[in-house]
Amino acid sequence: MNLSNKTCLVTGGSRGIGRSICLELAKSGANVIVNYFSNERAAAEVVAEIERLGKKAIKYKADVSCLEQVSTMVDDAYSEFGKIDVLVNNAGINKDGLLLRMTENHWDKVIDTNLKGIFNSSKACVKYMVKQKKGKIVNISSIVGIYGNAGQANYAAAKAGIIGFTKSLAKELGSRGITVNAVAPGFIETDMTLSLLKKNTGIEHKIPLKRVGVPEDVANAVVFLSSEKADYITGQILAIDGGLTL
Ligand code: NAP
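Residues numbered from 1 in each chain as written. Predicted model: local features only at pLDDT ≥ 70, side-chain atom pairs only at ≥ 80, totals over all residues. Heavy atoms only, no water.

Draft legend 1. Spatial organisation of the state of the cysteines. Applying the stated criterion to the full structure yields 0 disulfides. Free of any disulfide, cysteine 22 has its nearest neighbouring cysteine sulfur in cysteine 8, separated by 9.0 Å. Take cysteine 22: its relative accessible area is 0%, and that puts it in the buried class. (Disulfide = S-S within 2.5 Å. Buried < 20%, exposed > 50% of the residue type's maximum accessible area, 1.4 Å probe, protein only.)

Take a look at the structure:
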């Protein structure tokens, strides 16, 4: 995949899947804005790794749930790089619990970060992409947004919302040369799933490919959807789950 000199903004690029997306984009030739929220050291390590690959990278602290912070980040990135070719909406959190025990705060936090966050960064980037008459947006949803999951009503609602958002934006922006797609990962080994995977639930036996995913499994698909090889694909939701939801 050739992303030479493309400028890519990845939200939540400091850890897990986002980190891997930043690195795989850079390996394909892209310069990367690594957004993070609290983990400056991890973001700095991602930047250093990208620089070792010979590409340009900057870290940028912004809370995706805050439109003002995200708009400033995107405007600064545009001033620095002169364009924004790719936006990967990856930042996400979970605050799991059964509905009867779920607090209003946990509902709001997850919806604000996982769903409103995507509205914020897309809104801030699309004004430049429309001007460029070109752009690619890749959103990170989840299989839970398609199939639901007990104990994750907030998270599943946000991830399902991302699917509706992706399809609507694809219809809205197709004539402007902008594609909008989403990936729906299954179980991927990151900090988010650490405690669950430590419990040794035997989940891998339920997965046709007999293993949980690694961040690179998701990153590879994101790189493809960010590239010109995917120019005729828009509004699609690609499951990356080793066949779990077949
Ligand atoms: P992770 O390891 O917990 O990393 C989350 C990333 O999001 C971190 O870089 C974090 O930044 C960033 N972040 C959190 N809140 C933020 C905010 N308000 N503003 C900006 N950045 C913020 O999670 P992950 O597993 O890689 O998940 C990445 C995405 O994939 C999420 O959208 C998640 O829902 C989705 N997903 C994951 C799985 C899975 O199995 N792991 C499955 C399906 C979907 P800091 O480091 O600065 O805190």
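Draft legend 2. Region of the structure containing the pairing of strand β1 (residues 7-10). Burial along β1 is two-sided: the face carrying Thr7 and Leu9 and the face carrying Cys8 and Val10 are both buried. Note that β1 and strand β2 (residues 31-36) share 4 bridges and pair parallel. Within β2, the residue paired with cysteine 8 across the bridge is valine 32. You can see the chain leave β1, run along helix α1 (residues 16-27) and come back into β2, and the turn it takes is right-handed. Where β1 and strand β4 (residues 86-89) come together, 3 bridges link them in parallel fashion. By the bridge assignment for β4, cysteine 8 is matched with valine 86. (Helix = DSSP H or I, 4+ residues; strand = E, 2+ residues; numbered from the N terminus. Pairing = 2+ DSSP bridges. Right-handed = clockwise from strand over helix to strand, strands pointing away.)

Draft legend 3. Up close: helix α8 (residues 215-226). Its 12 residues give α8 an end-to-end C-alpha distance of 16 Å, which sits within 8% of 16 Å, the value for a rise of 1.5 Å per residue. Along α8, the residues that are buried comprise Pro215, Val218, Ala219, Ala221, Val222, Val223, Leu225 and Ser226. Of the surrounding secondary structure, the elements contacted by the buried residues of α8 are α1, β4, β5 (135-140), β6 (178-185) and β7 (237-240). (Expected span 1.5 Å × (residues − 1). Contact = heavy atoms within 4.5 Å.)

Draft legend 4. Inspection of the pattern of salt bridges at higher detail. Under the definition given, this model contains 11 salt bridges. The residue lysine 136 makes a salt bridge to aspartate 231 at a minimum N-O spacing of 2.8 Å. Taken together, the residues span a long stretch of sequence, with lysine 136 in strand β5 and aspartate 231 in the loop between α8 and β7 at a distance of 95 residues. Of the residues examined, aspartate 231 reaches a relative accessible area of 42% and is grouped as partly exposed. Through salt bridges that share partners, Lys6, Lys134 and Glu228 make up one connected network. (Salt bridge = Lys/Arg side-chain N within 4 Å of Asp/Glu carboxyl O.)

Draft legend 5. Examining the site of the ligand more closely. Neighbouring the ligand are 31 residues, the closest being Ser14, Ser38, Asn90, Tyr155 and Thr190. Protein chains shield 96% of the accessible area of the ligand, which is 900 Å² for the free molecule. Every element with two or more residues in the shell around the ligand is listed here: α1, β2 and α6 (153-173). Looking at the shell around the ligand residue by residue, the classes come out as 13 nonpolar, 14 polar and 4 charged. (Near = heavy atom within 4 Å. Areas by Shrake-Rupley, 256 points an atom, 1.4 Å probe, with all protein chains shown as cover. Nonpolar A, V, L, I, M, F, W, Y, C, P; charged D, E, K, R; others polar.)

Draft legend 6. Focus on the pairing of β6. Counting buried positions over the 8 residues of β6 gives 8, a clear majority of the element. Alternating residues of β6 divide into Ile178, Val180, Ala182 and Ala184 and Thr179, Asn181, Val183 and Pro185, and every residue in both groups is buried. Where β5 meets β6, 6 bridges bridge the pair, whose relative direction is parallel. Counted as the bridge partner of isoleucine 140 is valine 183 from β6. Both β6 and β7 contribute to a ladder of 4 bridges, which runs parallel. Bridge pairing links proline 185 to isoleucine 240 in β7.

Draft legend 7. Geometry of the packing of helix α4 (residues 104-132) against α6. Contact geometry of α4 with α6 gives a least axis separation of 8 Å together with a crossing angle of 15°. Regarding the angle of α4 to α6, the classification is roughly parallel. Crossing of α4 against α6: the hand is right-handed. Residues His106, Trp107, Val110, Ile111, Asn114, Leu115, Ile118, Phe119, Ser122, Val126 and Val130 of α4 lie in contact with α6, whose contacting residues are Ala153, Asn154, Tyr155, Ala157, Ala158, Lys159, Gly161, Ile162, Phe165, Leu169 and Leu173. Of the residues contributing to the contact of α4 with α6, the split by class is 16 nonpolar, 5 polar and 1 charged. (Axes fitted to C-alpha atoms, helices over the stretch in contact; angles between N-to-C directions. Parallel < 35°, antiparallel > 145°, perpendicular 65-115°, else oblique. Left-handed = near helix turned anticlockwise from the far one by under 90°.)

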